Amino acid sequence: MRILLVGTVDPWTRSVATIHKYVEWGRILGHDVSVYGSNNPELPRLPFTTDIDGVDVAIFLVQVPSDFPAMPGLARIMDQLPRAKRVVIDLWGRYNETVRIDHDFNHLEKFDSHPAWEWIDAIDALSDTVLQPTLAPRRDDVRSFLFHGFDPDAITTNHASARDAAAAWSEAGRVEKPYGLVYVGSNWQRWTQIRRILEDYRDVRDRVGQFCLAGWDWSQRPAWAVEMGLKGINTDPELLADLGVEIRQGIRFDQIVNLVSQGRFAPILHRPLFRELGLVTNRSFETFYADCIPVLMLPQDFVVSIYGRAASRLVPGEHLAAHLSAVMDDPEPYWDALLKTRQYLAENHSYRNRFQQLEGLLADREACGAAP
Amino acid sequence: MNILFVMKHRGNAGSTHAVANYMRLAPEHGHSVAIFGTPIWYVPELKFSMDIAEFDRVIYLFETELFRIKPLYQAIMLARFPRQDRLIIDTDGMYNELVTVDGYDFNHSTEADRAQWIAYMDALGDRVVQTLTTKPAHPKVSALSFFGYDPALRVDPASAPPKVYDILHVGHNWWRWKEVAKELLPAFDKIRDQVGEIGFLGLWWDGPPAEGPAAGPSQAFHSDPYAFKRLRIKTPGAVMYSDVIKTMSTARINILTQRPLLRHLKHLTQKYFEVFCADTIPLLMLDEDHAELIYGRAGRELTLPGRAAEKILDALRNPDRYRSIVEDVRSHLVAHHSYDQRARELFAAFRS
C-alpha cells in the first residue's frame with residue numbers, strides 16, 4: 001500500500017515518534033509510507049512528499065487545528081483523493097461531544113477558536129472513516145484503532161531474566177542512573193497528577209533518588225495560560241525546588257528513551273481527557289523501551305486491557321511511596337512483570353499488528369461500500 | 001442558489017459594497033447571498049453566516065491578499081462545494097503573468113509569489129473570473145464585470161448634502177501617489193487660487209500605515225504631506241462603504257484615480273460606478289478610449305490626463321454642461337452596467 005500520513009510533525013511533541021515507526025515498519029512490511037509536506041531537515045528519516053498520485057490511503061492524524069493541511073495542499077488532497085481513500089485518526093478525541101473533566105477538555109473555543117461542531121463537521125468533511133486510539137470509542141460511527149504501538153527492537157537493554165535485570169538495576173550507580181524518577185512530557189493538563197506523585201515522592205526521595213521533570217512550562221505557569229484562565233496548566237516552583245526536582249526543557253523525540261533510561265522509575269500518566277476517553281499515546285508504549293521500571297498511574301482495568309494482566313503489578317494504587325519502596329526492597333518481581341508486559345506488548349501491540357489491523361479496517365470499510 | 005462569499009470584508013475598502021448590492025438583489029432573482037463570517041455590529045445590513053451547510057455555491061473573492069480561512073472551515077467548504085460549485089473572483093489581476101507597470105506598481109513582487117497565488121487558485125477551483133469587461137489575457141480566466149451601477153443609489157440633488165469641497169478624491173493612497181504627484185498636484189498648483197476646498201479622503205495620504213512593511217510594499221504608500229499642506233489639501237479619514245456616495249456628494253467635482261496596475265489591466269472597481277451615483281461631476285484619470293469602454297462616448301469628455309487644470313476649471317465654471325455629460329454617462333451605465341444585469345451574469349456564471 002502507498003500510505004500518506006497527513007498532519008503536522010514536530011520533533012519535540014505529539015506523535016512524531018509513532019510516525020517514524022510507521023515509516024520504518026512500513027518499509028519492513030512492504031508498504032510505502034510517507035508524510036505529506038515538504039522536507040524537514042530536522043527530521044531526515046521521514047520521507048515527505050506532496051505527490052498524491054497513486055496513494056492508496058491518506059491518513060489524517062488529527063490532534064490540533066494545524067494538523068489540517070494549509071491550502072493549497074488541503075484542496076489537492078480532498079479534490080484528488082476520493083473519500084474512500086481517506087481516513088481520519090482522531091488522536092485527541094475531537095470527534096466527540098464536548099468533554100470537560102478536571103480542567104481538561106477536547107474542545108475549547110477560546111483556546112483554539114473551534115467549538116465542537118466545527119471539529120465534528122471538519123472531520124466529517126475529511127472522511128467517512130474515523131478511528132480513535134481507544135478500545136471503547138463513544139460514538140457508534142467511530143472504530144477503535146490504537147495507532148501507537150510497541151517495537152520490541154527499540155528496547156534499549158534486553159535482560160536475560162528478571163533476576164539479571166533486577167540485579168543490574170539495583171547495582172546501577174549514580175553514573176548510570178542519576179535519577180530516581182524521570183517524567184518526560186509537557187505541562188499540559190498534567191499538573192494535578194504530577195503534584196500527587198511529588199507529594200508521595202517526598203517520603204521516599206532520599207532512597208529513590210532525584211526526580212527529573214522534562215518538558216515545556218514546568219518551571220513556571222506560562223503567561224498565556226494565566227491570560228486564558230486555563231487551570232490545567234499549573235505548576236508550583238516552590239514545591240519543585242523544595243523537592244530538588246530537576247527541571248528540563250522539552251527534549252527531542254529521539255532522546256526521550258535515553259533520558260528515561262537514566263531513571264529507576266518512569267511514571268506513565270494520561271491527561272484527564274485521555275483517561276476519560278481511554279485514549280493511548282505514544283508514551284503509553286514508548287516508556288517500555290527504556291531500561292527502567294514504569295509506574296502505571298492508570299486505572300487497573302485499563303492497564304489490564306492494554307498491557308496485559310502481568311502489568312497490574314506495575315500499578316502503584318493509592319500508595320505510590322509504598323510501591324516505590326517495595327520495588328526498591330525487592331525489584332525482581334517487578335522486573336518479571338515488566339518483562340512479561342514487554343512480551344505482551346510485542347505480541348499484541350506491535351507495528352506489524354497495527355498494519356494488519358489497519359488493512360483489516362480498510363477492507364471492512366470497502367466491504368461495507370465506503371463512499372467513493 | 002444560496003451563495004457564500006469567502007473574502008476579506010472591510011467596511012472602508014475592497015469589494016464589500018458590491019457584495020452588499022448582490023445581497024440586496026439576490027432575492028429578486030430567487031437566490032441568496034451572504035459573506036462567510038460572524039456579523040459585524042457596525043454593518044448590520046450585511047448578512048454573514050458560518051452555517052456552510054445552508055449554501056450550495058461558494059465564491060472565493062481575492063483582492064491583493066491571499067485571504068485564507070482556517071483550515072477546519074476550508075475542509076468543511078471543500079467537502080460541501082464540489083469544484084463545479086466554486087467560483088474564484090480575482091479583482092486585482094493576480095491570476096496573470098508577472099506584470100509591472102512603469103517600474104512601479106505590480107501584481108506580484110516575485111515569480112515565487114506569483115506561483116504561490118496560481119497554485120492556490122488552481123487547487124481551489126477550475127473557474128477564475130477577473131473583474132473585466134474584455135477578455136482576460138490568461139487563457140484559464142474569463143471576464144465577469146462583477147462591479148456595477150445601481151441607479152437606486154443615486155443621490156437626488158435636491159436632498160444632497162451641502163457642498164464642502166470643490167474637488168474631492170475618495171480612495172486610499174495605495175499605489176496612487178505617482179499619478180497624483182505627476183498629474184494632479186501640478187494641475188492644482190496652477191489653479192489653486194481659483195478653486196475652493198480640495199480633499200483627499202481615505203487612508204495613508206498623511207503617511208504610511210503604522211503596521212510598517214507588513215501592510216505592503218513601501219512604495220505603494222508614498223506621499224508628500226508637505227506638498228498637500230502647501231496646496232491646502234485636506235485629508236479626512238476613510239468612511240464606511242455605505243457613506244462613500246454621500247461623501248462624494250459633498251464635492252462639486254470628484255476625481256477618479258485607479259492604481260496603475262488595475263488601469264493597465266482594465267480591471268473595474270466599485271469606485272467606477274459609485275462616483276456616478278453621487279451628486280457631483282466625476283472627472284476621470286483614464287485615457288479617453290478606456291473611459292469610452294466603460295462609460296460610452298460621453299465618458300471621453302470627462303477625462304483629465306494631459307489637461308487636468310483646464311478641465312477642472314471648465315467643470316467648475318460650466319456645471320450644467322458637465323451635468324448633461326454625466327447624465328449621458330448614467331444612461332449608458334443603466335443600459336450596460338446595472339447591478340441587475342451584473343446579478344444575472346454572476347448567477348449565470350455558475351450555470352455555464
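Anything mentioned here points back to the structure above.
These numbers were taken from a predicted model, which means no experiment stands behind them.

Colleague: An account of the overall build of chain B is needed here, citing residue identities and associated values.
Modeller: Tallying secondary structure elements over chain B gives 12 helices and 14 strands in all. If one aligns the C-alpha atoms of chain B with their principal axes, the spans along those axes are about 65 × 45 × 40 Å. Restricting the contact set of chain B to residue pairs at least 6 apart, pairs at least 24 apart contribute 76%. Surface accessibility of chain B: about 14,200 Å² in total, with carbon and sulfur atoms responsible for 52%. Of note, chain B has its 42 positive side-chain charges centred 0 Å away from the centre of its 43 negative side-chain charges.

Colleague: Which residues make up unusual backbone geometry, and what are the values?
Modeller: Look at the link from Met71 of chain A to Pro72 of chain A: it is a cis peptide, with omega at 5°. By the secondary structure assignment, Pro72 of chain A is in the loop between β4 (57-62) and α2 (73-80). Although it is not a glycine, Trp175 of chain B sits at a positive phi angle of roughly 65°. Its place among the elements puts Trp175 of chain B in the loop between β10 (165-170) and α4 (177-191). With a phi close to 55°, Arg232 of chain B is a non-glycine residue in the positive phi region. If you trace the backbone, Arg232 of chain B turns up in the loop between α5 (225-230) and β12 (233-234).

Colleague: I'd love a proper account of the sheet that holds β12 of chain B, names of residues and values included.
Modeller: Neighbouring strands of a sheet are bound in pairs by backbone hydrogen bonds; such pairs are parallel or else antiparallel. Residues and elements named next belong to chain B. The 5 strands are arranged β12-β11-β10-β13-β14 in an open sheet whose pairing can be described as parallel. Bordering the open sheet on either side are β12 and β14 (281-284), each of which pairs with just one other strand. Of the pairings in the sheet, the one linking β10 to strand β11 (residues 198-201) comprises 4 bridges and is parallel in character. Counterpart to His169 in the pairing with β11 is Phe200. Against the sheet, α4 contacts β10, β11, β12 and β13 (251-256), and its axis sits at roughly 155° relative to β11.

Colleague: Got a sec to walk through α4 of chain B? Specific residues and values, please.
Modeller: Residues and elements named next belong to chain B. Compared with an ideal rise of 1.5 Å per residue, which puts 15 residues at 21 Å, α4 spans 20 Å between its outermost C-alpha atoms and is within 8% of the ideal. The axis of α4 is deflected most strongly, by about 35°, at Leu184, and proline Pro186 appears within four residues downstream. Within α4, burial applies to Trp177, Glu179, Val180, Leu184, Leu185, Ala187, Phe188 and Ile191.

Colleague: Can you lay out the pattern of salt bridges for me, pointing to particular residues and giving the numbers?
Modeller: Between side chains of opposite charge, a pair can form as their charged atoms come close. The final tally for this structure, using the stated rule, is 48 salt bridges over all chains. Put simply, Asp364 of chain A and Arg143 of chain A hold a salt bridge, and the shortest N to O gap is 3.2 Å. Of this pair, Asp364 of chain A sits in helix α16 (residues 351-367) while Arg143 of chain A sits in strand β9 (residues 142-144); the two residues are 221 residues apart in sequence, bridging distant segments of the chain. Taking the relative accessible area as the measure of exposure, Asp364 of chain A reaches 36% and is therefore partly exposed. With a relative accessible area of 37%, Arg143 of chain A lands in the partly exposed category. Salt bridges sharing common partners tie together Glu288, Asp289, Glu292, Arg297, Arg300 and Arg307 of chain B.

Colleague: Pulling in residues and values, what's your account of a negative patch on the surface?
Modeller: Where like charges cluster on the molecular surface, the negative patch consists of Asp121 and Asp124 of chain A together with Asp51 and Glu54 of chain B. Here Asp51 of chain B is to be found in the loop between β3 (48-49) and β4 (57-62).

Colleague: I'd like a description of the nonpolar core, backed by residues and values.
Modeller: Counting residues in hydrophobic clusters, the biggest one holds 101 residues, and the most contacted among them are Leu198, Phe211, Phe265, Phe288, Ile293, Leu296 and Tyr307 of chain A. It is helix α1 (residues 16-28) of chain A that contributes the most residues to this core, 6 residues altogether. Excluding its chain neighbours within four sequence positions, the residues that come into contact with Phe211 of chain A are Leu181, Tyr183, Ile197, Leu198, Tyr201, Gly244, Val245 and Glu246 of chain A. Grouped together as the second largest cluster of nonpolar side chains are 96 residues, Ile198, Phe200, Val275 and Leu304 of chain B included.

Colleague: Which residues make up the pairing of strand β5 (residues 86-90) of chain B, and what values go with them?
Modeller: Residue and element names in this part refer to chain B. With 5 of 5 residues buried, β5 lies mostly within the body of the structure. Note on the crossover from β4 through helix α2 (residues 71-80) to β5: the handedness is right-handed. Pairing analysis gives 3 bridges linking β5 to strand β8 (residues 128-130), with the strands arranged parallel. The partner of Ile89 across the bridge, within β8, is Val129.

Rules used throughout
- Residues numbered from 1 in each chain as written.
- Chains lettered and ligands numbered in written order.
- Predicted model: local features only at pLDDT ≥ 70, side-chain atom pairs only at ≥ 80, totals over all residues.
- Heavy atoms only, no water.
- Helix = DSSP H or I, 4+ residues; strand = E, 2+ residues; numbered from the N terminus.
- Contact = heavy atoms within 4.5 Å.
- Areas by Shrake-Rupley, 256 points an atom, 1.4 Å probe, with all protein chains shown as cover.
- Lys, Arg positive; Asp, Glu negative; His and termini not counted.
- Charge placed at Lys NZ, Arg CZ, Asp CG, Glu CD.
- Pairing = 2+ DSSP bridges.
- Axes fitted to C-alpha atoms, helices over the stretch in contact; angles between N-to-C directions.
- Expected span 1.5 Å × (residues − 1).
- Bend = angle between axes of the 7 residues up to and from the residue.
- Buried < 20%, exposed > 50% of the residue type's maximum accessible area, 1.4 Å probe, protein only.
- Salt bridge = Lys/Arg side-chain N within 4 Å of Asp/Glu carboxyl O.
- Patch = residues over 30% accessible without salt bridge, like charges linked within 9 Å, V, L, I, M, F, W, Y side chains within 5 Å.
- Core = buried A, V, L, I, M, F, W, Y, C linked by side-chain atoms within 4.5 Å.
- Right-handed = clockwise from strand over helix to strand, strands pointing away.

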